[in-house]
Amino acid sequence: MIAAVAQVQPGQPLQLPHVDWVTIGPAGIFFVGGLAMLLAGVFLRRRVPRGLWSGTTVVIAVLALWPAFHLWHQIASGGARTAIADAVVVDGFSIFIDVVIISAVVMAALLTDGYLRRENLEGTEFYVLMLFSASGGMLMASANDLIVVFLGLEILSIALYTLAGFQQRREGSQEAAIKYFVLGAFSSAFFLYGIALVYGSTGSTNLGVIADFLRTNSLTNGLLLGGFALLIVGLGFKVAAVPFHMWTPDVYQGSPTPATAFMAAVAKAAGFAALLRLFVSTFNTYRLDWQPIVWALAVLSLLVGSVLAVVQTDVKRMLAYSSIAHAGYVLVGFQTASNRGVAGALFYLFAYAFMIVGSFAVVTLVSGRGDTDASLDAFRGLSSRRPALAFVFTIFLLAQTGVPLTSGFLAKFYVISAAVEAHSYALAIIAMIAAVIAAFFYLRLIVVMYMAAPAAEGEEAAPTARIPIAVGAGMSLTIAVGFTLVVGFLPASVFDFARHATLLKL
Amino acid sequence: MLGFPVLTALIVLPAIGAALVVAIPRTRPEIVKVVALAVSVAVLVLACYGLYEFATGTAGFQFVSRHVWIKQWGISWHLGIDGISLFLVVLTALLFPFALAGSDAHHDVKAYTAWMLVLEAGCLGVFLALDLFLFFVFWEIVLVPMYFLIGGWGYEGRVYAALKFFIYTMTGSALMLVGILALVFIHAGHTGHLTFDLQTLAREQSFSGSTARWLFAAFAVSFAIKVPIFPLHTWLPDAHTEAPTAGSVILAGVLLKLGTYGFLRFGLYLFPKVSHDLAPLLLTLGVVGIIYGAIVAAVQRDLKRLIAYSSVAHLGFIILGTFALTTQGVQGGIIQMVNHGLSTGALFLLVGMIYERRHTREIADLGGLQKVAPVFAGVFMLVMLSSVGLPGLNGFVGEFLVLIGTFISRRWWAVVAATGVILAAVYLLWAYQRVFHGVPEGENLKFPELRWREGAVLAPVLALIVFLGVYPKPVLDRMEPSVRTLVERVDRQAGTHQPSVAQGGHR
């Protein structure tokens, strides 16, 4: 593969590469849609029908499915390819991540509608930021150049920082935004430095060229390995892998809950997309060097995430720690560097997006006006106040525990089987032990909802406030729970989707 | 074989029943009970139909139904029944209507009943599954309804007990999942095709001795927790004591059998050589369980806890019979599973009735009940004697076969285990004496007699207790070919022969 770098000669016009717009179609639709909505929002400040913006966002997201399907069929018949001067790649893998992100955007947008009304924050900005952020994530998934990865990462992140601080009047939200921003900027710097080192040792930022170079040259100095380490730090931060997870609980807790839901699903999918493409595909020849690092990250994420979740009393914080553990499972698939491992990681991200957005949707509803109280006590006796909500949350929690007939079980099953196939028995066993530890706090939440004893004398009585369920939130929950159960029963088609979503061979 | 998919129906029917129950409005709990009973009785009828149609004298799987579920992974909806699982299926189908009819939920009948029916579907699934993935799915699914039943409708320490039950069992199944996957992928590595089919995996075994040992260990820990075998039993007393009456009946009657059944179906069948090599260890743990369970049961103050510990002892006998690896021992083990399900299930129901009447389970608070409720005492006596293993009742048949089977192959374990029979008599008779004999005082004077409805529920179980004790031949005949094939398989792989007396016994 040849790098078609636009050479600038003095006196000659700049040679621009041919742009095949369809290849960045999904991200493009999100970006253009976001811009259009921003403009429309300026002119239609007043008098918009309820749910217009949320509906528009859903329509934009669904529209983005069209180029995704188109590309998927193209790949199926003509194979994966690169485009736009080799800067982006079109393969099953990128389409899969696009679909994950689209699903997350649909659910998060539906959820946001009622939330913004409840908090008196109505407007287009939240949706626009979500669309921009998602387009960055999609760009990361289809990047074939380290610079494009960085571009996507920044588009994703900057919008997320703003989303985290969207509830300006609440201190927690401000704190989350500033914390996320400072640490995120730091991690971006790490990532950029990593790009520099990789460029320095291979002479290119194009993934295809790097892969070729690494195949034909054996590097003995530590420059490349230093680059690997820094890239892992930068992306490890985004996916909240231990030890780069410190921001997660605070940011997840402080951010507006729909933003948390979005962040948890999309940032993780995008971060892992970049990690998988860079390491499993581009740096494949050096996998003996990076696999031990990923192994260690996986073990740390699994154990630290699960153990620290056990001691949390705030549900948002608990879900934040559990999302760290979930990152650990994806890392288990990643660590194998095999086709099954990548497919498993993809399936996990897909299933996880629905479970986590669903879970945070329940938290959004329960935590009430002001998004203040997401403590365990707020969930006390939920089964008698809102049986359906409690039941749906129970399904999400059981799915996250890994109980069969839910997508969560199959996701765990997939990554663990990849690990077993790669003879990483120790990792498989550690992952399952982490699942048992995690079961403890998921069940504790179920206990609080269903089995809470009536408050004794002097104790604070269970909350009795009515929990209104907005139409959008209801739809979002229906989609999430539907996916979790249907895929739990009949996973064959999604399994196939993940299996065919292979990385372009470099 | 047959047009109608009996086995699939056995699993689907209770699941549909659960959905029906959920659909009934909350304000009509009486309909809930009728629907649940109707569904569980229909399941029993289906199971009896299976029993009737079952071809005696064949060792293989019958009523097999097989549909591809996830093609790429070689996973299929594969069900079958043989002499080993047949009676466990019938037992399960019998105990659910028994438990549903015999006790009431004190609140939220709808959810309670729905969970019971989901539990029934899960338990039957475990006994019928012939695909490792399917087996694991059912194995795990069983945890959820049981967790909610204990945690939602149990006694004071219910939340703790439910959590302990879930975490213990899930730890075991976590290891088993890794074991299953390792087994499947090692097989795929050798043969090139991925399959979770039990029979294929057993036929085309492709692992070395030490690998087999690790794999067996992964399965065995999971089963041992479920049984439970001695050092892993600590969840059992809590779960049994805190569970609601029906929960205890099912827990003791069906759930514990999942573990012992797992040893037979997966342990012995997939790893014959390792089973043989590790038999002394498991026999020892079984014997320790018998003695330990009996001694600890004897010193309990709580009647329900006493019966819970007696389960540890009884399950020790089943393990003993299983790992004696003789036809009689294994047969004894299976029939003892059925016996334990009947007698301990009935005992838990009776203790539940005592609690309903007196609101205590403390042995010290009870006394002289025989004077005020002679029929109740008589029923209790009969069930208790079956549990003790009195000749003429079912318990004797099982224990006798287990001890004979063990004596043939492992003499000294049988000798030590035989003392457990005496100890069982000690703790159960002593408990009976304290609860029913003497002069009733205070509250005990007003202890109501057995009601007609309660009697009607108990009657079939009492009849079976006597029938199996007097004439176990139909049961033994149906299980013998399958058991013999299994034991021969172990012998062949381990390079041993069971003594000829163990095969000759035609009863």
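Residues numbered from 1 in each chain as written. Chains lettered and ligands numbered in written order. Predicted model: local features only at pLDDT ≥ 70, side-chain atom pairs only at ≥ 80, totals over all residues. Heavy atoms only, no water.

Caption draft 1: How the structure looks around the overall build of chain A. Of the regular secondary structure elements, chain A holds 19 helices and two strands. Computed over the C-alpha atoms, the radius of gyration of chain A is 22 Å, within 12% of the 23 Å expected from 2.2 N^0.38 for a compact globule of 506 residues. For chain A, the C-alpha atoms occupy an extent of roughly 80 × 60 × 40 Å along the three principal directions. Buried residues in chain A amount to 63% of all 506 residues. Here the analysis covers contacts within chain A between residues at least 6 apart in sequence; of these, 82% occur between residues at least 24 apart. With an accessible surface of roughly 18,300 Å², chain A has 66% of that area assigned to carbon and sulfur atoms. (Helix = DSSP H or I, 4+ residues; strand = E, 2+ residues; numbered from the N terminus. Rg over C-alpha atoms; globule rule 2.2 N^0.38 Å. Buried < 20%, exposed > 50% of the residue type's maximum accessible area, 1.4 Å probe, protein only. Contact = heavy atoms within 4.5 Å. Areas by Shrake-Rupley, 256 points an atom, 1.4 Å probe, with all protein chains shown as cover.)

Caption draft 2: Looking closely at empty space enclosed by the protein. Going through the model one piece at a time under the given rule, you end up with eight cavities of 30 Å³ or more. For the largest cavity, the calculated volume is near 70 Å³. In terms of lining residues, the largest cavity is bounded by 13 residues, among which Thr23, Ile24, Pro26, Asp98 and Ser142 of chain A are the most central. Here the lining of the largest cavity gets three residues from one element, more than from any other, and that element is helix α3 (residues 92-118) of chain A. Each residue belonging to the lining of the largest cavity can be placed in one class, and the counts come to nine nonpolar, three polar and one charged. Of the voids in this model, the second largest cavity is the one considered here, and its volume is about 60 Å³. Lining the second largest cavity are Thr401, Gly402, Phe409, Lys412, Met432 and Ala435 of chain A together with Phe136, Glu140, Met170 and Leu177 of chain B. Within the residue set of the lining of the second largest cavity, elements represented by two or more residues are α16 (407-421) and α17 (425-450) of chain A together with α5 (132-141) and α7 (158-191) of chain B. Its residues assigned to classes, the lining of the second largest cavity shows six nonpolar, two polar and two charged. (1 Å grid on protein atoms, 1.4 Å probe; cavity = no way out; pocket = protein on both sides within 12 Å on 5 of 7 lines; lining within 4 Å. Points joined across faces, edges and corners; volume = space filled by probe spheres on them. Nonpolar A, V, L, I, M, F, W, Y, C, P; charged D, E, K, R; others polar.)

Caption draft 3: Local environment of the packing of helix α12 (residues 272-298) of chain B against helix α18 (residues 411-436) of chain B. Residue and element names in this part refer to chain B. Their axes nearest at 8 Å, the elements α12 and α18 cross at an angle of 20°. With respect to α18, the axis of α12 lies roughly parallel. Seen along the crossing, α12 lies across α18 with a hand that is left-handed. Residues Pro280, Leu283, Thr284, Val287, Ile290, Ile291, Ala294, Ala297 and Ala298 of α12 touch α18, and the partners they reach there are Trp413, Val416, Ala417, Thr419, Gly420, Leu423, Tyr427, Trp430 and Arg434. (Axes fitted to C-alpha atoms, helices over the stretch in contact; angles between N-to-C directions. Parallel < 35°, antiparallel > 145°, perpendicular 65-115°, else oblique. Left-handed = near helix turned anticlockwise from the far one by under 90°.)

Caption draft 4: Structural view of unusual backbone geometry. In this model, Val242 of chain A is joined to Pro243 of chain A through a cis peptide bond whose omega is 5°. Inspection of the secondary structure puts Pro243 of chain A in the loop between α8 (223-239) and α9 (247-254). Put simply, Val227 of chain B and Pro228 of chain B share a cis peptide bond, and its omega is -10°. Within the secondary structure layout, Pro228 of chain B lies in the loop between α9 (209-226) and α10 (235-242). For Ala240 of chain A, which is not a glycine, the phi torsion comes out positive at approximately 60°. For Phe63 of chain B, which is not glycine, the phi dihedral falls at a positive 55°. Position of Phe63 of chain B relative to the elements: it lies in strand β1 (residues 62-70).

Caption draft 5: Expanded view of the pairing of β1 of chain B. Residues and elements named next belong to chain B. Pairing between β1 and strand β2 (residues 75-81): six bridges, direction antiparallel. Bridge pairing links Val68 to Ser76 in β2. The hairpin turn running from β1 into β2, its antiparallel successor, is four residues long, and Gly74 in that turn takes a positive phi close to 65°. (Pairing = 2+ DSSP bridges.)

Caption draft 6: Structural detail: the environment of Thr327 of chain B. Residues and elements named next belong to chain B. Mapped onto the elements, Thr327 comes out in helix α14 (residues 327-358). By relative accessible area, which is 2% here, Thr327 ends up buried. Sequence spacing of Thr327 and Thr485 is 158 residues, and the spatial spacing of their C-alpha atoms is 8.9 Å.

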